[in-house]
Amino acid sequence: MKKYFQFDELGTTYRREVIGGLTTFLSMAYILFVNPTTLSMSSIPDLPAEMRMDPGAVFTATAIAAAIGSLLMGLLAKYPIALAPGMGLNAFFSFTVVLTMGVPWQTALSGVLVSGLIFTLLTLSGLREKIINSIPAELKFAVGAGIGLFITFIGFQNAGIIVNNDATLVGLGDLSNPQTLLAIFGVVLTIILMVRGVKGGIFYGMLITAIIGMFFNQIDVPDKIVGSIPSLAPTFGQAFMNLDQIFTIQMLVVILTFLFVDFFDTAGTLVAVANQAGLMKENKLPRAGKALFADSAATVVGSILGTSTTTSYIESSAGVAAGARSGFASVVTAVLFLLALFFSPLLGVITPAVTAPALIIVGILMVSSLGKIDWERFEIAVPAFLIIITMPLAYSIATGIAIGFIFYPITMALKGRAKEIHPIMYGLFVVFVLYFIFIL
């Protein structure tokens, strides 16, 4: 085992890897509870039952997809990087594809499945690098920041901090509402934990907020902590049922969005964590193909089980900071996700007021990419800004990407830089123009 994971070469030990794997798990364990509430859209009252995914089934699918993805990453790529259904993509799945576009969640899962299969083919064919290189770095950073703002906006809504206002569209909510006060407490607490550098600060913030909520009778106390594993029956295999409904421009845009975000989120996470762990060699990522295959395979498996896109987690950096250097840490994280399956009764205490702080804090972490955009170049600033601002205002990640990718070749051409635009970007320009003509 030590030889397979190259412990001696990496200067690590079983103890360091176990601690690193545990730290990574605690840092991202919030997804076990945030994902079911997001995909079931529990924060939206009076929503037709057929639009909601079963939270118990999603909980099980989330844990198993995270375990399989992390295990593949650990055993094949040998990186201390864990996977789970991605934040941002789950919000896009629920609030844009299902709620706004009116796409059945079963069909949305079919879109996730197809995007995962395409990602796998691109990885095996070597085309991935060409596509990544065709899209300007500034637009990639803008997409990450825009998703961060979108997630934060959802968090503010779930907390009741931002509410509907007929005069101004949105406005400040009733801050004296007990549920809103509980969410504000969670935000403040989580910020304190994160600033103090507490590993797993988001998870602990949710845990303490839930306990405080139960203490003040704002959350029902569960009758047990450990229980049976919720059935996958409501979601398992649904991705295959509606495959014949994905051949539309609307679903093409959805699939491209799933693919695009996962594509670059994974690449950024792999490079960032590998750099931190000192695993990069001559500015290249060893076993990159295997790492990308693990990521795409996890998305395929996750969609079949019943969850949105599974991707590599930047929270893995917490495990690296705690000493993880090899894939054994990811194996440890995978085992912990499987053990977490028995704690489904805790789903009942994870209310929108408890998950809202996690959404807001994750949003803060994601907008850090704003500083990497060259705002002095107006031809770049325009599409980047439109991507960032449109996502939360239009309540759609896809719309933000579409508008930004339409304006990019226009502003670049007007600046006299048309020759710098990759042909793939022209192709995406046409795709998104058609999207607005035939869909919106």
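Owing to the predicted nature of the structure, the values given are computational and were not obtained by experimental measurement.

### Observations regarding the packing of aromatic side chains
Next up, step 1: Summed over all chains, the structure comprises 15 aromatic pairs.
Next up, step 2: Each ring, one from phenylalanine 7 and one from tyrosine 14, has its centre 5.0 Å from the other, and the planes form 65°; the classification is edge-to-face.
Next up, step 3: Their ring planes at 80° and their centres at 5.0 Å tell us that phenylalanine 25 and phenylalanine 337 sit as a pair that is edge-to-face. Here phenylalanine 25 is found in helix α2 (residues 14-28), whereas its partner phenylalanine 337 is found in helix α15 (residues 328-339), with 312 residues between them in sequence.

### Points about the side chain of serine 115
Next up, step 1: Inspection of the secondary structure puts serine 115 in helix α6 (residues 105-125).
Next up, step 2: Residue serine 115 is classed as buried on the basis of its relative accessible area of 3%.
Next up, step 3: In this structure serine 115 touches Ile255, Phe258, Leu259 and Thr299, once residues within four positions along its chain are discounted.

### Description of a nonpolar patch on the surface
Next up, step 1: The grouping of Tyr4, Leu71, Leu75, Leu76, Leu124 and Phe293 at the surface amounts to a nonpolar patch, some 510 Å² of accessible area in total.
Next up, step 2: Sorting elements by how many residues they give to the nonpolar patch places helix α4 (residues 55-77) first, with three residues.
Next up, step 3: Considering the arrangement of structural elements, one finds phenylalanine 293 in helix α13 (residues 288-305).

### Points about the nonpolar core
Next up, step 1: Among the nonpolar cores identified, the biggest contains 106 residues, and Tyr30, Met87, Phe93, Ile401 and Phe405 are the most heavily contacted of them.
Next up, step 2: Ignoring sequence-local partners within four residues, the contact set of tyrosine 30 consists of Met87, Ile202, Phe203, Met206, Tyr313, Glu315, Ala358 and Val362.
Next up, step 3: Counting residues in hydrophobic clusters, the runner-up holds 19 residues, among them Phe119, Leu122, Ala274 and Ala291.

### Thoughts on α15
Next up, step 1: With 12 residues, α15 should cover 16 Å at 1.5 Å per step; its first-to-last C-alpha distance of 17 Å lies within 8% of that length.
Next up, step 2: Buried residues of α15: Phe328, Ala329, Ser330, Val331, Val332, Thr333, Ala334 and Phe337, and no others.

### Observations concerning empty space enclosed by the protein
Next up, step 1: The tally for this structure, following the rule as stated, stands at one cavity of 30 Å³ or more.
Next up, step 2: By volume, the largest cavity amounts to about 60 Å³.
Next up, step 3: If you go around the largest cavity, the residues you meet are Val34, Thr37, Thr38, Ser42, Ser43, Phe95, Asn158, Pro352, Thr355 and Leu359.
Next up, step 4: Counting residues per element, the ones that place at least two in the lining of the largest cavity are α3 (31-39) and α16 (352-366).
Next up, step 5: Classifying every residue of the lining of the largest cavity gives four nonpolar, six polar and no charged.

### So, the packing of α4 against α15
Axes are the key here: two packed helices are described by the angle between their axes and the distance separating the axes.
Next up, step 1: Close contact between α4 and α15 brings their axes to 8 Å; oriented N to C, the two are set at 165°. On the basis of the axis angle, α4 is roughly antiparallel to α15. Judged by the twist between their axes, the crossing of α4 over α15 is left-handed. Taking contact as the criterion, the partners of Ala63, Ala66, Ala67, Ser70, Leu71, Gly74 and Leu75 in α4 are, on α15, Ser330, Val331, Thr333, Ala334, Phe337 and Leu338.
Next up, step 2: In the contact of α4 with α15, the residues fall into nine nonpolar, four polar and no charged.

### Brief notes about the side chain of threonine 399
Next up, step 1: Looking at the secondary structure, you find threonine 399 in helix α18 (residues 397-414).
Next up, step 2: If we ignore the near neighbours within four places in the chain, the residues touching threonine 399 are Thr390, Ala394, Tyr435 and Phe436.

### Some details on the layout of surface pockets
Space left empty within the atom packing is revealed by a probe, the size of a water molecule, rolled over the atoms.
Next up, step 1: For the second largest pocket, the calculated volume is near 390 Å³.
Next up, step 2: As for the second largest pocket, its lining consists of 21 residues, of which Phe33, Phe203, Leu207, Phe343 and Leu346 are closest to the centre.
Next up, step 3: Counting residues per element, the ones that place at least two in the lining of the second largest pocket are α2, α3, α10 (201-215) and α15.
Next up, step 4: By residue number, the principal contributor to the lining of the second largest pocket is α10, which donates six residues.
Next up, step 5: Residue composition of the lining of the second largest pocket, by class: 21 nonpolar, no polar and no charged.

### Observations concerning the pattern of salt bridges
Next up, step 1: As enumerated under the stated definition, the model contains four salt bridges in all.
Next up, step 2: The partner of arginine 377 in a salt bridge is glutamate 138, and the shortest N-O contact between them spans 3.7 Å. Placement of the pair is arginine 377 in the loop between α16 and α17 (378-393) and glutamate 138 in helix α8 (residues 137-159), with a sequence separation of 239 residues.
Next up, step 3: Classification of arginine 377 as partly exposed rests on a relative accessible area of 26%.

Here is what the cut-offs are and how they apply
Residues numbered from 1 in each chain as written. Predicted model: local features only at pLDDT ≥ 70, side-chain atom pairs only at ≥ 80, totals over all residues. Heavy atoms only, no water. Phe/Tyr/Trp six-rings, centres within 6.5 Å; stacked < 30°, edge-to-face > 60°. Helix = DSSP H or I, 4+ residues; strand = E, 2+ residues; numbered from the N terminus. Buried < 20%, exposed > 50% of the residue type's maximum accessible area, 1.4 Å probe, protein only. Contact = heavy atoms within 4.5 Å. Patch = residues over 30% accessible without salt bridge, like charges linked within 9 Å, V, L, I, M, F, W, Y side chains within 5 Å. Areas by Shrake-Rupley, 256 points an atom, 1.4 Å probe, with all protein chains shown as cover. Salt bridge = Lys/Arg side-chain N within 4 Å of Asp/Glu carboxyl O. Core = buried A, V, L, I, M, F, W, Y, C linked by side-chain atoms within 4.5 Å. Expected span 1.5 Å × (residues − 1). 1 Å grid on protein atoms, 1.4 Å probe; cavity = no way out; pocket = protein on both sides within 12 Å on 5 of 7 lines; lining within 4 Å. Points joined across faces, edges and corners; volume = space filled by probe spheres on them. Nonpolar A, V, L, I, M, F, W, Y, C, P; charged D, E, K, R; others polar. Axes fitted to C-alpha atoms, helices over the stretch in contact; angles between N-to-C directions. Parallel < 35°, antiparallel > 145°, perpendicular 65-115°, else oblique. Left-handed = near helix turned anticlockwise from the far one by under 90°.

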